[in-house]
Structure formats: structure tokens, C-alpha cells
Amino acid sequence: MMRVGLVLVAAGSSTRVGGGTPKQFRMLAREPMFIVALRAVVPFTHEVVVVAPPDRVVEAGELLTCSGLPGDHEADGTSFLVVPGGKRRQDSVRKGLAALSDDVEVVLVHDAARPFVPGDVVERVLGAAQACGAAVPAVPVADTIKRVEGERVLATLDRGVLRATQTPQGFRAEVLRTAYEAADEDVTDDAQVLELAGEDVAVVEGDPGNTKVTTGLDLELARLRDAARLGVGPATRVGFGCDRHRLTPGRELVLCGVTVPFDKGLDGHSDADVATHAVMDALLGAAAAGDIGVHFPPDDDRWRGASSLDLLDRVIGIVRESGYEPGAVDVTIVAEAPRLAPHVNEMRERLAVHLGVAPGSVSVKATTTEGTGPEGAGEAMSATAVATLRPGNDREDT
């Protein structure tokens, strides 16, 4: 049996998706996209090299370990490695090739942004690569294609001879390595490296469902498709937060960004908005991104007297960097006094604006401890919050 190596190209910056986190690290239904893409191809391979952005190599390794993929295929002798990518796609592929052993006879190069390649496509590519030296899967072009210059059509191309190529693309290892040693031009796929070297590339039947995730809309559709494939609902994260502050004279009482008339306020480094702090911790918890003490240390003068709503905005930015958006929030404020019911609706609306959700997705409740504990004695207020996160909408593209 021929020894097959896989180079998974996952080093791109994903500027067309937007939102900061590269698309290959965004969650689909249950797992990051690059893990889903790996699962489709790993059963056909003996060595796997994931090429990740240099600043995400550790993260990619941790996600790979958590996926269980190395353990699943340990009995088959499949090895896994994560290496940093380069500036261009071909630079990343070169690094992936260099990490494969000399024993590899056929190399598959697959895009992490194609998570739904069927197994029969992989089999066709492998067979043709072994027989011909290089092979790509492709599908007929359905749209009419025009060649244009500026805003003027120059010609209509014959779509009968056009094909849209996909990945994985397969190559005999020595053929691909030799072609890459001579390659100097920018290329858009690995078959083009072979074409520039004067090598023949075979075409095998691809699959219309083997689509590439490029825009935010593509990502949303991929999430729905992955959820349907697994028979699950959208991936929702849940977090819990709690906080308590002492009451002290001479401070304003601020709760959910609303100033509540009272003869005492909450003591703290910022404005000590205990309810918003609980919400922030719940959001960070759902994103597995630490807590407010990590991001806004109490000994850091930058946050002295800061508005907790401003800090909430920063937390939401961290959540979005993780590929999520706020879904719903439920807050309970525990205080013996003052009476908070008249202010609850304003609190809900204030939080909703900053969370970017409808007021109906925000619940604010108030309760007492019936005279027990520091809250009951009027010495402190506390709050608890539960927050849900949903996969990000990537609104820059949609």
C-alpha cells in the first residue's frame, strides 16, 4: 500500500470573512472548521501536517489534541504535526511538504476551508495521482463566464471546456517536491505549480458539495450544513458569572449602566456595577476566555473609575474574536434596598444596546435575602448572570 501524506493548508488570514479569527478556526456545529476538514481526509492518510498561522500553532495543536483525531488513528500508525505557515499559500505548502517524511509516496494537499469533501472524491484523486503523477478534482462551471476589462465585456468564454477545481489535490511526492523547488511565481493552487513546470495534471470528477468557505455567508451556510449532517442544533455556548461588592456612602449606585437613586453606592476599582460585572464574567465564561480579573486587573490604573458598560464593550470584542456573538442574558441582582423594579426595564434596554441584541433577549430580575447575609444587612449587593453565545454572524460580509 502506498504511503500517503496530507498537508492541510490552514494558515490564511481570512480577510473576506472578517471578524478577526481566521475562518478555519471558527466553529461549525461542534468543532472548528479545520478539524471537520481533517476528519474527511485523515482516514486515507499515514502522515498529517497541519500548516497554521505562526501565532496559532499552539492553539491548533491543542484543538487537534482535544478533537481526539490523533488517538482515533493511533492504531493505524497515522502521525500528526502542526507547523507554522508562510506569507503566501505556496510558502505554507512548502513548509508542509518539508515536514513530511521521505517515506511518503503520494501527497494530498487540502484546504481547511473545504470541510465537506466526500470520501469517493479523495479515493479518485489518490488513484489518479498514483497513476498519472498529479490529479485534481473538478466540477463543470454552471454560470456563464465573461472575460472583462474594467466595466466592458471582452468575450464570453466557452463554459463547456471550463472546470472549477477543488481540493484535495494529489501528487506523487517527488513530482510535487521537484515542481515546488523550481516554482517562483504566485499561484492559486498546487496544480498550477505542476502546470508551470510543464507537468501533466489529470482531472477527476469532483463533487458540487465540496464547496469552499470564503465569505461570512459561506460560513453561516457551512454551520447549518454541518449541524444538519450531525443532526444537531446550532452550536450554543453557556456561561455563568457572579459578583459581589460592598455598599459604601459617597458613591453612586450604578447597576446595568443605570444610576439608581440611593444613599450608598458600590465600592470597587471601576464604577463597581455588580450586575454588569456578572454579565461580563458569564460572557467570558461561555467563550472560555478567562474572567474580568484577568482582562481588567484591579491594580491597573487604566480601569480606575471606568464605566462597566465600556468594559462590557471590550468583553464583547473578546467574545467576537472567539467567533461568537451574544445570544441571551439573564441577570439576578440581590439587594435588600433600594427597590429596583422601577429601573429594570431601563437596565434591560441599556444592556441590550451594548450586547447588540433585542431587549427581549435580556432579563434583569431583583430579589432579596430576607434579611440574611451581607446583602440582607445592607452591607453589600451581589449579582449572578447566565449568558448564551451563538456562532458569529460575521456581519461584515453578510
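Thresholds applied
- Each chain carries its own residue numbering, running from 1 in the written order of its sequence.
- Local features in this predicted model are restricted to residues whose pLDDT is 70 or higher, and side-chain atom pairs enter the listing and the counts only when it is 80 or higher, whereas totals over whole chains, interfaces and linings include all residues.
- Side-chain metrics rest on all non-hydrogen atoms present in the structure, leaving aside hydrogens and water.
- Helix and strand definitions follow DSSP, with helices as H or I runs of at least four residues and strands as E runs of at least two, each counted in order from the N terminus.
- Whether a residue is buried, partly exposed or exposed follows from its accessible area with a 1.4 Å probe, protein chains only, as a fraction of its type maximum: under 20%, in between, or over 50%, in that order.
- By the convention used here, residues are in contact when the closest approach between their heavy atoms is within 4.5 Å.
- Throughout, nonpolar core names a set of buried Ala, Val, Leu, Ile, Met, Phe, Trp, Tyr and Cys residues whose side chains join them through atoms within 4.5 Å.
- Note that a disulfide, as used here, is simply two cysteine sulfur atoms within 2.5 Å.
- Lines fitted to the C-alpha atoms define the axes, with helices restricted to the stretch that makes contact. Angles between their N-to-C directions range from 0 to 180 degrees.
- Put simply, angles under 35 degrees are roughly parallel, angles over 145 are roughly antiparallel, angles from 65 to 115 are roughly perpendicular, and the rest are oblique.
- Whether a crossing is left-handed or right-handed is set by the direction in which the near helix is turned from the far one by less than a right angle, anticlockwise for left-handed and clockwise for right-handed.
- Classification convention: Asp, Glu, Lys, Arg as charged; Ala, Val, Leu, Ile, Met, Phe, Trp, Tyr, Cys, Pro as nonpolar; all other residues, Gly among them, as polar.
- Here a helix's expected span is defined as the number of its residues, less one, multiplied by 1.5 Å.
- Within this document, salt bridges are pairs made up of a side-chain nitrogen of Lys or Arg and a carboxyl oxygen of Asp or Glu, the two lying within 4 Å of each other.
- Each cavity reported here is a set of points on a 1 Å grid over the protein atoms alone in which a 1.4 Å probe fits but cannot get out, each pocket an open set with protein on both sides within 12 Å along at least five of seven lines, and each lining residue one with an atom within 4 Å of a point.
- Grid points are joined across faces, edges and corners, and a volume is the space filled by probe spheres set on the points.
- At least two bridges found by DSSP between two strands are what make those strands a pair.

Student: Can you walk me through the environment of glycine 268 in this structure?
Tutor: Following the sequence through the fold, glycine 268 ends up in the loop between strand S14 (265–266) and helix H9 (274–286). Here glycine 268 falls in the partly exposed class, since its relative accessible area comes to 24%. With 21 residues separating them along the chain, glycine 268 and leucine 247 place their C-alpha atoms 9.5 Å apart. Once residues lying within four places of it in the same chain are set aside, the contact partners of glycine 268 are His245 and Arg251.

Student: Is there a simple way to explain the environment of threonine 165 in this structure?
Tutor: By the element assignment, threonine 165 lies in strand S8 (residues 163–165). Looking at threonine 165, the relative accessible area reads 38%, which means it is partly exposed. With 26 residues separating them in the primary sequence, threonine 165 and valine 139 have C-alpha atoms 6.6 Å apart. Dropping the residues within four chain positions of it, threonine 165 is found in contact with Arg114, Val136, Pro137, Ala138 and Asp189.

Student: Where do I start with the nonpolar core in this structure?
Tutor: Nonpolar side chains in soluble globular proteins tend to be buried together. Counting 49 residues, the largest nonpolar core has Leu255, Leu283, Leu312, Met347, Leu351 and Leu355 as its most contacted members. Grouped together as the second largest cluster of nonpolar side chains are 34 residues, Val4, Phe25, Leu64 and Ala128 included.

Student: Teacher, can you tell me more about the state of the cysteines here?
Tutor: Two cysteines joined by a covalent bond between their sulfur atoms form a disulfide. Following the criterion strictly, the structure yields zero disulfides and no others. Not engaged in a disulfide, the cysteine cysteine 256 finds its nearest cysteine sulfur in cysteine 242; these two sulfurs lie 15 Å apart. Looking at cysteine 256, the relative accessible area reads 0%, which means it is buried.

Student: It is not clear to me how unusual backbone geometry should be interpreted in this structure. Could you clarify?
Tutor: Note on backbone geometry: most residues besides glycine have negative phi, and most peptide bonds are trans. Of note, the bond from threonine 167 into proline 168 is cis; its omega dihedral lies within 30 degrees of zero at 10 degrees. If you trace the backbone, proline 168 turns up in the loop between S8 and strand S9 (169–172). Note the cis peptide between alanine 337 and proline 338, where omega equals 0 degrees. With respect to the helices and strands, the residue proline 338 is situated in the loop between strand S15 (324–334) and helix H12 (344–355). We note that alanine 272 has phi near 60 degrees; this positive angle belongs to a residue other than glycine. Along the chain, alanine 272 falls in the loop between S14 and H9. Its identity is not glycine, yet glutamate 370 carries a phi of approximately 55 degrees, on the positive side. For glutamate 370, the position within the fold is in the loop between strand S16 (362–367) and helix H13 (373–376). Residue classification places glutamate 370 among the exposed residues on the basis of a relative accessible area of 72%.

Student: Explanation requested: the packing of helix H1 (residues 33–41) against helix H2 (residues 57–67) in the structure shown.
Tutor: Helix-helix packing is described using two parameters, namely the angle between the two axes and the distance between the axes. Where H1 contacts H2, the axes come no closer than 10 Å and their chain directions differ by 55 degrees. Between H1 and H2, the crossing angle belongs to the class labelled oblique. For the crossing formed where H1 meets H2, the hand is right-handed. Facing H1, whose interface residues are Phe34, Ile35, Leu38 and Arg39, H2 presents Ala60, Leu63, Leu64 and Ser67.

Student: Would you explain the packing of H9 against helix H11 (residues 308–321) in this entry?
Tutor: The contact between H9 and H11 brings their axes to 10 Å, and the two run at 5 degrees. One element, H9, and the other, H11, form an angle in the roughly parallel class. The segment H9 lies against H11, with Thr276, His277, Val279, Met280, Leu283 and Leu284 engaging Ser308, Leu309, Leu311, Leu312, Val315, Ile316, Ile318 and Val319. Split into classes, the residues belonging to the contact of H9 with H11 amount to eleven nonpolar, three polar and no charged.

Student: Explain H12 to me, please; I cannot follow it from the model alone.
Tutor: Given 3.6 residues per turn, any residue in an α-helix points the same way as the ones three and four places further on. Over its twelve residues, H12 runs 16 Å from end to end, which matches the ideal 16 Å to within 8%, given 1.5 Å per residue. For H12, the secondary structure elements touched by its buried residues are strand S12 (253–255), strand S13 (258–260), H9, H11, S15 and S16. One or two positions beyond H12, positive phi appears at glycine 356, with a value near 75 degrees.

Student: What exactly am I supposed to notice about the pattern of salt bridges here?
Tutor: What the rule picks out here adds up to 18 salt bridges. Two residues, arginine 56 and glutamate 59, come together in a salt bridge whose shortest N-O distance is 2.8 Å. Residue class for arginine 56 comes out buried when judged on its relative accessible area of 15%. With relative accessibility at 31%, the residue glutamate 59 sits in the partly exposed group. The partner of aspartate 91 in a salt bridge is arginine 88, and the shortest N-O contact between them spans 3.1 Å. Each member of the salt-bridge network shares a partner with another, and the members are Arg88, Asp91, Arg94 and Asp186.

Student: Help me out: how do you make sense of the layout of surface pockets in this one?
Tutor: Sizing a probe to match a water molecule and rolling it over the atoms shows the empty space that remains. In this structure, the second largest pocket occupies an estimated 340 Å³ of space. Forming the walls of the second largest pocket are 14 residues, and the residues nearest its centre are Phe25, Glu59, Leu63, Ala287 and Ser322. Counted by class, the lining of the second largest pocket contains eight nonpolar, two polar and four charged residues.

Student: When you look at the pairing of strand S4 (residues 106–111) in this model, what are you seeing that I'm missing?
Tutor: Residues in a regular strand project their side chains so that they alternate between the two faces of the sheet. For S4, a buried count of six out of six residues is recorded, marking the element as mostly surrounded by other parts of the structure. Both faces of S4 are covered, namely the face carrying Val106, Leu108 and His110 and the face carrying Val107, Val109 and Asp111. With six bridges connecting them, strand S1 (residues 4–9) and S4 associate as parallel partners. From the neighbouring strand, valine 9 faces S4, where its bridge partner is aspartate 111. The pairing of S4 with S9 spans four bridges and is antiparallel. Looking across to S9, one finds that valine 107 is bridged to phenylalanine 171.

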